[in-house]
Amino acid sequence: MTVTIAPSWQSQLKEEFEKPYFQNLVQFVKSEYKSHTCYPPGKQLFAAFDHTPFEKVKVVILGQDPYHGPGQAHGLCFSVPEGIPQPPSLINIFKEIETDVGGEVPENGNLEHWASQGVLLLNATLSVRAHQAGSHQKKGWEEFTDAVISKLSEHREGLVFLLWGGYAKKKGAKINRDKHLVLTSGHPSPLSANRGYWFGNQHFSKTNTYLIKQGKEAINW
């Protein structure tokens, strides 16, 4: 089957698209979008890949589920379109950036400017039914995004993987630490952050220090 995705990712993942689990996943997603309100809009399912081609990835941030409220999800983890209130986790991300590398908290939560600099904003599950968190989990998306992480770990070098929270840490367990920098901390959600597991992790400055040592351009967070 043909999946509309950035050409560089198409060549990396074409075998994945032919596997039975992925074909079953496609049928499930089509049925869900036909029968229910689902997010993000269908054309933005693979937005993370379209904004950040395979060969341009420098940093990978792993999320879990898309936002399940109206207008929030647009295919990039933690990001919301302009005009949508910033969710609590994103507010805490911006607070840590402000403390870590300076600058003011932005007025909007659209992270496309990160993606265009090489930050792959990857959710483990790429779709969700409206108002039902986790509703599209364990249908095949996780196997697909595991393959994405494996391709990056195997075929690229000197990437930074940011794993926030227990779920992301588990999903990134097989990343080759000899080739890449893996930074872990608690999740930026208020529950975790307010218990001292998020603030002060300095992931954004550490990421840029590593990228510069690799001869790459730092991210303008």
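Higher on the page you've got the structure.
Residues numbered from 1 in each chain as written. Predicted model: local features only at pLDDT ≥ 70, side-chain atom pairs only at ≥ 80, totals over all residues. Heavy atoms only, no water.

Asker: What exactly am I supposed to notice about the overall build of the chain here?
Answerer: Check the secondary structure of the chain and you find nine helices and six strands. For the chain, the C-alpha radius of gyration of 17 Å lies close to 17 Å, the compact-globule estimate for 221 residues. In terms of its C-alpha atoms, the chain occupies a principal-axis envelope of roughly 45 × 35 × 25 Å. Counting every position in the chain, which comprises 221 residues, the buried fraction comes to 52%. Relative to all contacts within the chain whose residues are 6 or more apart in sequence, the contacts with residues 24 or more apart total 65%. Split by element, the accessible area of the chain, about 10,600 Å² in all, is 49% carbon and sulfur. (Helix = DSSP H or I, 4+ residues; strand = E, 2+ residues; numbered from the N terminus. Rg over C-alpha atoms; globule rule 2.2 N^0.38 Å. Buried < 20%, exposed > 50% of the residue type's maximum accessible area, 1.4 Å probe, protein only. Contact = heavy atoms within 4.5 Å. Areas by Shrake-Rupley, 256 points an atom, 1.4 Å probe, with all protein chains shown as cover.)

Asker: What's the story with helix 9 (residues 203-213) in this structure? I'm lost.
Answerer: In an α-helix, one full turn covers 3.6 residues, which means residues spaced three or four apart are oriented alike. Residues of helix 9 that are buried: H203, F204, T207, N208, Y210 and L211. Along the axis of helix 9, the buried positions cluster into a sector of 165 degrees, meaning they face one direction only. More than 90 degrees from the buried face of helix 9, the exposed residues found are I212 and K213. Looking at the packing, one finds that the buried side of helix 9 touches strand 2 (59-63), helix 4 (88-101), helix 5 (112-115), strand 5 (160-164) and strand 6 (181-185). Two residues or fewer after helix 9 comes G215, characterised by a positive phi angle close to 80 degrees. (Arc of directions from axis to C-beta.)

Asker: When you look at the environment of W9 in this model, what are you seeing that I'm missing?
Answerer: Mapping W9 onto the fold places it in helix 1 (residues 7-17). Along the primary structure W9 and V148 are separated by 139 residues, whereas in three dimensions their C-alpha atoms are 8.9 Å apart. Apart from residues no more than four positions distant in its own chain, W9 is found in contact with F49, T52, P53, F54, V57, L120, V148 and L152.

Asker: Please clarify how the packing of helix 4 against helix 9 should be interpreted in this entry.
Answerer: Between two packed helices, the angle of one axis relative to the other and the distance separating the axes together describe the packing. Packing of helix 4 against helix 9 brings their axes to within 8 Å, and their N-to-C directions diverge by 60 degrees. Regarding the angle of helix 4 to helix 9, the classification is oblique. Between helix 4 and helix 9, the contacting residues are I93, E96, I97, D100 and V101 on the first element and H203, F204 and S205 on the second. Residue composition of the contact of helix 4 with helix 9, grouped by class: four nonpolar, two polar and two charged. (Axes fitted to C-alpha atoms, helices over the stretch in contact; angles between N-to-C directions. Parallel < 35°, antiparallel > 145°, perpendicular 65-115°, else oblique. Nonpolar A, V, L, I, M, F, W, Y, C, P; charged D, E, K, R; others polar.)

Asker: Just to check I follow, could you spell out the packing of helix 2 (residues 20-35) against helix 6 (residues 141-155) for this structure?
Answerer: Packing of helix 2 against helix 6 leaves a shortest axis separation of 9 Å and a crossing angle of 130 degrees. Here helix 2 is positioned oblique relative to helix 6, judged by the angle of their axes. Of the two possible hands of crossing, helix 2 and helix 6 adopt the one that is left-handed. Contacts between helix 2 and helix 6 involve Y21, F22, L25 and V29 on the former and, on the latter, W141, E143 and F144. Considering only residue class, the contact of helix 2 with helix 6 consists of six nonpolar, no polar and one charged. (Left-handed = near helix turned anticlockwise from the far one by under 90°.)

Asker: Even after reading the chapter, I still don't get the sheet that holds strand 2, so can you show me in this structure?
Answerer: Note on sheets: strands pair through backbone hydrogen bonds, and any given pair is parallel or antiparallel. Read from one edge of the open sheet, four strands run 3-2-5-6, paired in parallel fashion. A single partner strand is all that each edge strand has here, and the edge strands are strand 3 (119-123) and strand 6. Across this sheet, the average inter-strand angle for adjacent strands is 20 degrees, counted without regard to direction. Of the strand pairs in this sheet, strand 2 and strand 3 are connected by five bridges, and their pairing is parallel. Paired with I61 across the strands is L121, a residue of strand 3. (Pairing = 2+ DSSP bridges.)

Asker: In this structure, what is going on with the pattern of salt bridges? I would like to understand it.
Answerer: Side chains bearing opposite charge may pair, as long as their charged atoms lie close to each other. Scanning the entire structure with this criterion turns up three salt bridges. E32 is the partner of R129 in a salt bridge, and the nearest nitrogen-oxygen pair spans 2.8 Å. Here the residue R129 occupies a position in strand 4 (residues 128-129), and E32 occupies one in helix 2, the gap between them amounting to 97 residues. Note on E32: relative accessible area 8%, which makes it buried. A salt bridge links D146 to K171, with the nearest nitrogen and oxygen atoms 2.6 Å apart. Here D146 is found in helix 6, whereas its partner K171 is found in helix 7 (residues 166-171), with 25 residues between them in sequence. (Salt bridge = Lys/Arg side-chain N within 4 Å of Asp/Glu carboxyl O.)

Keep in mind these values describe shape, not function.
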